[in-house]
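The primary structure of each chain is shown beneath.
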Amino acid sequence: MQSFRNIGLRNFFISFAVFFTVCLSYYINSVSKTGGHYIYLLDDAYIHLAVAKNFALHNVWGITEYKFSSASSSPLFTFIISVLIKIVGNDDQIPLYFNAVFSVGIVYFLTQYYGDIFNDIKKTFLAVIFTLFFAVLHLQLLAGMEHVFQVFLFVVNIFCFFRRDKNKWALIGFYGTILLMGLTRFESMFYFTVMAFVLILLKKWKDTVGVLLAGFIPIVIFCYFNNQQSGYFFPNSVVVKGTKLSFDSHFLIQLKAIVLDNFLLNISFYKIGLFPLLLCTIFIGRDLKSKTFREAVENNFFLIIFSLTTICHSMFADFKGLFRYEAYLLVGFSMALIPKVKDLFLDFKKYCRTEILISILIAMNILLLVYKGWIAHQVIDNGGKNIYEQQIQSARFLHTYYNNSKVVANDIGAISYYTDIHLLDIIGLGSEETIVFNENRKTFDHKFEDFLTHYCLKNKYDIAVVYDGWFQGHIPGNWKKAAVLKIKNKVTVARLEVSIYSINRDNFQLLQQNIRNFNWDKNVTVILMD
């Protein structure tokens, strides 16, 4: 027993050292390009920070301190960050530290999980490292968002599942993680709904009820309170970006989008889920031929769950998000599939000779890991630099001259976190007023232009900091462009150019003067309009 503990401890420290060396290297490289201060790879991280700051300091769950706005797609993560801000103060590095701590937890539980399977340092290390980088967890850590915490919950959940009948703490861990999953990412509903379905196949009624209650009770409570405040059950981002299926005249169009656009014709699905799904199909198919149905389901419990969850995720959620949305799925696939190919680790050559098809699919998954690692490298290498030059510079400008002004914007994270502006978000993540123009993938039209024109005049908005291209030709005619801010090498921003408009034309000359006087980063090209 002592020998096994030593193996587990050594495995943990080796895996920890390799993973965090990679993360630290990228961190140092990023800081060197962003003025000596770490900047997150996406503006979305600052949305969580803005809501957390306002809840901690002003008791307002909103992107600004002035009113409720359900801008966070991960209520639990944002709430935890707000508690930490309340305890240690308002520090934009808190999410990074939070992710680092829970990454340690992921490495620890993966080491314990694979250590039970292999009882060998080298093989356990390979399994842990493959799982971490297959899910591109180093990018998730440095992104400063909720996906590391989500992965942690899934790893602990699977780890505890196999021990729940022997250890009461494992049983608590299993249901406790399900309790937290839904409010960490709403896509987790697919996971525990599918798990309940598979438990029904096994006629485990008590477990089915327990999983559904633990999973949905927190979501139902949140949805009730969210609806009381905003009129929507889910956060604005879920309403705007989520797939809608309503039984009306648009049903067939929506069904086509779900089945074809999101699933069968979605290239991202094939990049992410095809090879793991094919491996699952082979193992499940073999057992269905040689075992009873119940035995096959029990023997492939998590293979079935993650296969069906991946399909549901593809149809009703999103895969396009710099690998962060599918991280939990890829970790789950790894934890379910690696025990199935244990013999590959024990006798590589023999396994490749006898299991040719499986070996080819494993090789494709390894190539997928390399491909994603290369893309992640580019994102981490220059993603923070992009945000620093565009969103952070915009936030600094607003803080200097328009800190309490009324501002229209589309990327709302950094400018909301670093200022005290009154905000109108054209995309709807931070403003319920514009959701109707964005939900179910609508495009802007003359109705949106008319709304924006009259709303901004009525409420006396001052300036707009926006991407012209997102308006699809419907920028209000009474807005006057003051300047364009241009950067190079687009990686994690949507456009190279941000436009600054004067909505209150009486202040146009002052706006341009402020733009001239501001100390912009040397990599930002400022073009003043005539």
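Look a little higher up for the structure.
As a starting point, this report considers the structure included with it. (Residues numbered from 1 in each chain as written. Predicted model: local features only at pLDDT ≥ 70, side-chain atom pairs only at ≥ 80, totals over all residues. Heavy atoms only, no water.)

**Comments concerning the packing of aromatic side chains**
Here's step 1: Under the criterion given, the structure shown has 62 aromatic pairs.
Here's step 2: Taking 5.2 Å as the distance between ring centres and 25° as the angle between the ring planes, the aromatic pair formed by Tyr27 and Tyr38 counts as stacked. One end of the pair, Tyr27, is in helix H1 (residues 2–31); the other, Tyr38, is in the loop between H1 and helix H2 (44–58), with 11 residues separating them in the sequence.
Here's step 3: Their ring planes at 75° and their centres at 4.9 Å tell us that Phe102 and Phe152 sit as a pair that is edge-to-face. Residue Phe102 is found in helix H4 (residues 94–118), and its partner Phe152 is found in helix H7 (residues 147–161); the two are separated by 50 residues along the sequence.
Here's step 4: Between the NZ or CZ atom of Lys372 and the centre of the ring of Phe134, over which it lies, the distance is 5.7 Å.
Here's step 5: The cationic tip of Lys406 hangs over the ring face of Tyr461; the distance from NZ or CZ to the ring centre is 5.9 Å. (Phe/Tyr/Trp six-rings, centres within 6.5 Å; stacked < 30°, edge-to-face > 60°. Helix = DSSP H or I, 4+ residues; strand = E, 2+ residues; numbered from the N terminus. Lys NZ or Arg CZ within 6 Å of the ring centre and 35° of its normal.)

**A closer look at unusual backbone geometry**
Here's step 1: Positive phi, close to 60°, is recorded for Asn59, a residue that is not glycine.
Here's step 2: Positionally, Asn59 belongs in the loop between H2 and helix H3 (75–88).
Here's step 3: Residue Asn59 is classed as exposed on the basis of its relative accessible area, which comes to 64%.
Here's step 4: Despite not being glycine, Lys460 has its phi angle at roughly 55°, a positive value. (Buried < 20%, exposed > 50% of the residue type's maximum accessible area, 1.4 Å probe, protein only.)

**Focus on the packing of H4 against H7**
Here's step 1: At a closest axis distance of 9 Å, the pairing of H4 and H7 adopts a crossing angle of 25°. Here H4 lies roughly parallel to H7, going by the angle between them. The handedness of the crossing between H4 and H7 comes out as left-handed. For the pair H4 and H7, contact is made by Phe98, Asn99, Phe102, Ser103, Gly105, Ile106, Phe109, Leu110, Gln112 and Tyr113 and by Val148, Phe149, Val151, Phe152, Val155, Val156, Ile158 and Phe159, respectively.
Here's step 2: Residue classes in the contact of H4 with H7 are distributed as 14 nonpolar, four polar and no charged. (Axes fitted to C-alpha atoms, helices over the stretch in contact; angles between N-to-C directions. Parallel < 35°, antiparallel > 145°, perpendicular 65-115°, else oblique. Left-handed = near helix turned anticlockwise from the far one by under 90°. Contact = heavy atoms within 4.5 Å. Nonpolar A, V, L, I, M, F, W, Y, C, P; charged D, E, K, R; others polar.)

**Overview of the environment of Cys456**
Here's step 1: Among the secondary structure elements, Cys456 is positioned in helix H21 (residues 446–458).
Here's step 2: In the structure, Cys456 is positioned 151 residues away from Ile305 in sequence and 48 Å away in space, judged by C-alpha atoms.
Here's step 3: Among all residues touching Cys456, those that are not within four sequence positions of it are Val408, Leu424, Tyr461, Trp479 and Ile503.

**What about a nonpolar patch on the surface?**
Here's step 1: A cluster of nonpolar side chains, Leu252, Leu255, Val259, Leu260, Leu264, Leu265, Ile267 and Tyr270, forms an exposed patch at the surface whose accessible area comes to about 710 Å².
Here's step 2: Every element with two or more residues in the nonpolar patch is listed here: helix H12 (251–264) and helix H13 (267–290).
Here's step 3: Mapped onto the elements of the fold, Val259 is located in helix H12.
Here's step 4: The exposure class assigned to Val259 is partly exposed, which follows from its relative accessible area of 31%. (Patch = residues over 30% accessible without salt bridge, like charges linked within 9 Å, V, L, I, M, F, W, Y side chains within 5 Å. Areas by Shrake-Rupley, 256 points an atom, 1.4 Å probe, with all protein chains shown as cover. Salt bridge = Lys/Arg side-chain N within 4 Å of Asp/Glu carboxyl O.)

**Side note on the nonpolar core**
Here's step 1: In this structure, Tyr114, Leu132, Met195, Phe302 and Val408 are the most contacted members of the largest nonpolar core, which totals 177 residues.
Here's step 2: With 14 residues, helix H19 (residues 356–401) is the single largest residue contributor to this core.
Here's step 3: Here Met195 is in contact with Asn157, Phe174, Ile178, Val211, Phe301, Phe302 and Ile305, once residues within four sequence places are set aside. (Core = buried A, V, L, I, M, F, W, Y, C linked by side-chain atoms within 4.5 Å.)

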